[in-house]
Amino acid sequence: MHPQPTASSQPAPLHLRVNGTACQVAVAAQTALLHVLRNDLELNGPKYGCGLGECGACTVLIDGVAARSCVMPVAAAVGRQVTTLEGLGTPESPGPVQQAFIDCQAAQCGYCLNGMIMTVEALLRRHPHATEQEMRSELQHNLCRCGTHVEIMQAALRAGELHRGRTIEQARAGA
Ligand code: FES
Ligand code: FES
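If you're wondering where the values come from, they're calculated on a predicted model, not measured in any experiment.

Draft legend 1. Examining the overall build of the protein more closely. The helix and strand tally for the protein stands at six helices and five strands. Listed N to C, the secondary structure of the protein is β-β-α-β-β-β-α-α-α-α-α in terms of helices and strands. Counting the 175 residues in the protein, one finds 37% classified as buried. Once local pairs closer than 6 in sequence are excluded, the contacts in the protein between residues at least 24 apart make up 57%.

Right, here's the structure in full:
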């Protein structure tokens, strides 16, 4: 016979701040942040790819810095600002980096794009004038099994333009 769970066996709630909103989750401290975001908070922007910190599909921002949420215990996010793809914009009002990836139709299956977008977002936040070479360097450990790297680089460069304050209309006109 298995022992019955008791109230004391429930993990203590962890307090998080995700996309600017305070929330709490009752999960084991070592649970991967990715699973908490997807399973408990219904934020499905970050994707499960390798689960080993190697592909980038699960990337989120922690205090504005790109991090791989599949290998980050949720407890490590307590007291920090977590930003997911959903925190950058909405379908009706996408953020500049999201808009750039839409404009360039950079997706094939789209599975890698969360990681691409979040990585570019993090780079542009700390280095708004990032060069193409710096973009390439930043994205080199984000894997795309569909091989849409050319479109992804075009989107990254366009994201830089939009992020630097050019209006979406100006960018579309190629101004
Ligand atoms: S799923 Fe996290 S790096 Fe691959
Ligand atoms: S578009 Fe399919 S993995 Fe990148």
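Draft legend 2. A look at the pairing of strand S3 (residues 59-62). In this structure, S3 lies alongside strand S4 (residues 65-68), joined through four bridges in antiparallel fashion. Across the sheet, the residue bridging to Ile-62 is Val-65, located in S4. Linking two consecutive strands that pair antiparallel, namely S3 and S4, is a turn of two residues; a positive phi of about 50 degrees is found at Asp-63 within it.

Draft legend 3. Summary view of the sheet that holds S4. Read across the sheet, five strands follow the order S2-S1-S5-S3-S4 without closing on themselves; strand pairing throughout is mixed. With partners counted over all chains shown, the strands left at the sheet margins are strand S2 (21-25) and S4, one partner each. Strand after strand, the sheet turns through a mean of 40 degrees between neighbouring axes, direction not considered. Pairing of strand S1 (residues 14-18) with strand S5 (residues 81-83), which is carried by two bridges, proceeds in the parallel orientation. The partner of Arg-17 across the bridge, within S5, is Gln-81.

Draft legend 4. Layout of unusual backbone geometry. Located in the positive-phi region is Asp-63, a residue other than glycine, with phi close to 50 degrees. Looking at the element boundaries, Asp-63 is found in the loop between S3 and S4. Positive phi, normally seen in glycine, also occurs at Gln-105, with a value near 45 degrees. Along the chain, Gln-105 turns up in the loop between helix H2 (96-103) and helix H3 (113-126).

Draft legend 5. Representation of the pairing of S1 in the model. Across five bridges, the pairing between S1 and S2 is antiparallel. The residue bridging Val-18 from the neighbouring strand is Thr-21, located in S2. As consecutive antiparallel partners, S1 and S2 are separated by two residues, and within that stretch Asn-19 has a phi angle of approximately 50 degrees, a positive value.

Draft legend 6. Geometry of the environment of Thr-21. Looking at where Thr-21 falls in the secondary structure, it is placed in strand S2. C-alpha of Thr-21 to C-alpha of Val-82: the two residues are 61 residues apart in sequence and 9.4 Å apart in space.

Draft legend 7. Quick peek at the packing of H2 against helix H5 (residues 149-163). H5 packs onto H2 with a crossing angle of 140 degrees between their chain directions and a minimal axis gap of 8 Å. In this view, H2 runs oblique relative to H5, as classed from their interaxial angle. Both H2 and H5 take part in a crossing whose hand is right-handed. Each of Pro-96, Val-97, Gln-99, Ala-100, Phe-101 and Asp-103 in H2 lies in contact with H5, whose residues at this interface are Ala-155, Arg-158, Ala-159, Leu-162 and His-163. Taken together, the residues of the contact of H2 with H5 break down into seven nonpolar, two polar and two charged.

About the criteria used
- Residues numbered from 1 in each chain as written.
- Chains lettered and ligands numbered in written order.
- Predicted model: local features only at pLDDT ≥ 70, side-chain atom pairs only at ≥ 80, totals over all residues.
- Helix = DSSP H or I, 4+ residues; strand = E, 2+ residues; numbered from the N terminus.
- Buried ≥ 20, exposed ≤ 12 C-beta atoms within 10 Å, placed from the backbone.
- Contact = placed C-beta atoms within 7 Å.
- Pairing = 2+ DSSP bridges.
- Axes fitted to C-alpha atoms, helices over the stretch in contact; angles between N-to-C directions.
- Parallel < 35°, antiparallel > 145°, perpendicular 65-115°, else oblique.
- Left-handed = near helix turned anticlockwise from the far one by under 90°.
- Nonpolar A, V, L, I, M, F, W, Y, C, P; charged D, E, K, R; others polar.

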